[in-house]
Each structure stands twice: as C-alpha cells, then as structure tokens.
Amino acid sequence: AQKVTQAQTEISVVEKEDVTLDCVYETRDTTYYLFWYKQPPSGELVFLIRRNSFDEQNEISGRYSWNFQKSTSSFNFTITASQVVDSAVYFCALSETFSGTYKYIFGTGTRLKVLA
Amino acid sequence: ETGVTQSPTHLIKTRGQQVTLRCSSQSGHNTVSWYQQALGQGPQFIFQYYREEENGRGNFPPRFSGLQFPNYSSELNVNALELDDSALYLCASSLGQGGYEQFFGPGTRLTVL
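Residues numbered from 1 in each chain as written. Chains lettered and ligands numbered in written order. Predicted model: local features only at pLDDT ≥ 70, side-chain atom pairs only at ≥ 80, totals over all residues. Heavy atoms only, no water.

1. Structural notes on the pairing of strand 3 (residues 19-24) of chain B
Residues and elements named next belong to chain B.
Inference 1: A one-sided burial pattern is seen for strand 3, the buried positions being Val-19, Leu-21 and Cys-23 and the unburied ones Thr-20, Arg-22 and Ser-24.
Inference 2: For strand 1 (residues 5-7) and strand 3, the ladder comprises three bridges, and the chain directions are antiparallel. Bridge pairing in strand 3 places Thr-5 opposite Ser-24. (Buried < 20%, exposed > 50% of the residue type's maximum accessible area, 1.4 Å probe, protein only. Helix = DSSP H or I, 4+ residues; strand = E, 2+ residues; numbered from the N terminus. Pairing = 2+ DSSP bridges.)

Written out as structure tokens, the structure reads:
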C-alpha cells in the first residue's frame, strides 16, 4: 500500500543548530514524485521541493538540502543553521499514477520548533 | 499574478446538511486538487480535476463530489454532513497532473455541529 511515514512528530532545536526531518515512503509505482511542503503558523502550505523517482541527485537550496535514497525509500530534509522563522509543520508527500489516475499521499507532518 | 483563493473562510453547518466550497486556481493552472486536513493531521487527498474531468480520487465516499469549470475554478460539494467532516478543506492548483508542484489556498474551515 502507498504510504508516507514521518516518524518524528515534533522536534525542538536551538537556533543555529542543524536539523534533519525524516521521510520514508512506500509505493508500487516505478514512476512517482516526492515533495516537501511547509505549513507555517499562518496555515497556508508552501511548496519547497519536488523530486521524481528517476532523479536521485541530492539538492541544496540555501540552508535547505534534501537527500533522496531509493534503496531505503527515504527522502530526508535537512535545515542547516536553523532560524526561528523555520518553525512550522513540514510535510513529506508522494504523488503516484495508477491506471491513468493520480493520487497524493501526505505524511502526518513533523512540527519543528526553533528556539531563540 | 493572483494566487489560489478559497471561499468562504469559515463555515458552520449542522449534521445532515449539504455544503459547497469554492476555489479559484492560480492563473495558468488547469489542475485543481482538494484535500481534507483534520486538526494535527496531514492533508488527505479527496480528488483532483484536470480540464474539467475528475482524474484521481482518494478514499472518500461518493457524498464528496466536485466540479471544475471552464475557467479552471472548482467546487467541492459534501452531502449529508457528518460530525467527522469538521476539518480544514484545502484547494491546490497546479500546471498539470501528477508530478507538478501544487500551490495551496488558505483553506475553508468547516465545522459540523
């Protein structure tokens, strides 16, 4: 069954610490997409990154980096030198196709608290 | 460029009633998805519309239905409301199906009494 697991419910760090948010997925498809979204206290989900199943290159964007490993079905997200503004709930999501239709599965989210 | 907008912001209904939620997609986007987000949970995929056709559905009963209009705006209809339908309903638009990033609206908070 398709599934996205974010085992860390809540993480608290002190500003400037590095933090990694874990995401493990299950899918029957060979072609799929993985995403990370951020939901700040204001509530609106914001897209951070997309990866397709054929692209295992890691990516870095400023203080954010993502590690995609198909061998372990993981797509982890690291924030370097965290800041208070990074405090939010972060969701990992999977998009897959089955018989020409689409489905999206979100994890339960990890609440990150960055303390000053 | 206008982002995704949703109306109304908040809604209170009683059990058994019907509700319609509305969404305007971001300019240039032809695909709209709807999600239900219960408090403290991740968004649950309800369905997706691409060029006015439903092309994906999550594990929601038929009383959850939708429409997409020629201008790509969309409606979510829920019949025979149940207490468990109380949630934040999110609309997201994208440039296409499947692997495109989705742009989310602020949501409609539905309370069923």
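The rest of the description comes next.
2. What to know about the side chain of Asn-30 of chain B
Inference 1: Take Asn-30 of chain B: it is sitting in the loop between strand 3 and strand 4 (31-37).
Inference 2: Setting aside its immediate chain neighbours within four residues, Asn-30 of chain B contacts Tyr-49, Tyr-50, Arg-51, Gln-68, Tyr-72, Ser-94, Leu-95 and Gly-96 of chain B. (Contact = heavy atoms within 4.5 Å.)

3. Considerations on the nonpolar core
Inference 1: By size, the foremost hydrophobic cluster in this structure holds 24 residues, and its most contacted members are Trp-36, Phe-75, Phe-77, Tyr-90 and Leu-112 of chain A.
Inference 2: When contributions to this core are tallied by element, the ones reaching two or more residues are strand 2 (10-14), strand 3 (19-21), strand 5 (32-39), strand 8 (64-69), strand 9 (74-79), strand 10 (88-98) and strand 12 (110-115) of chain A.
Inference 3: With four residues, the top contributor of residues to this core is strand 10 of chain A.
Inference 4: Not counting the four nearest positions on each side in its chain, Tyr-90 of chain A is found in contact with Gln-6, Leu-21, Trp-36, Tyr-37, Lys-38, Leu-48, Tyr-64, Phe-77, Ile-79, Gly-109, Thr-110 and Leu-112 of chain A.
Inference 5: Core analysis: the next-biggest nonpolar cluster, separate from the first, contains 20 residues, Ile-46, Phe-64, Cys-91 and Val-112 of chain B among them. (Core = buried A, V, L, I, M, F, W, Y, C linked by side-chain atoms within 4.5 Å.)

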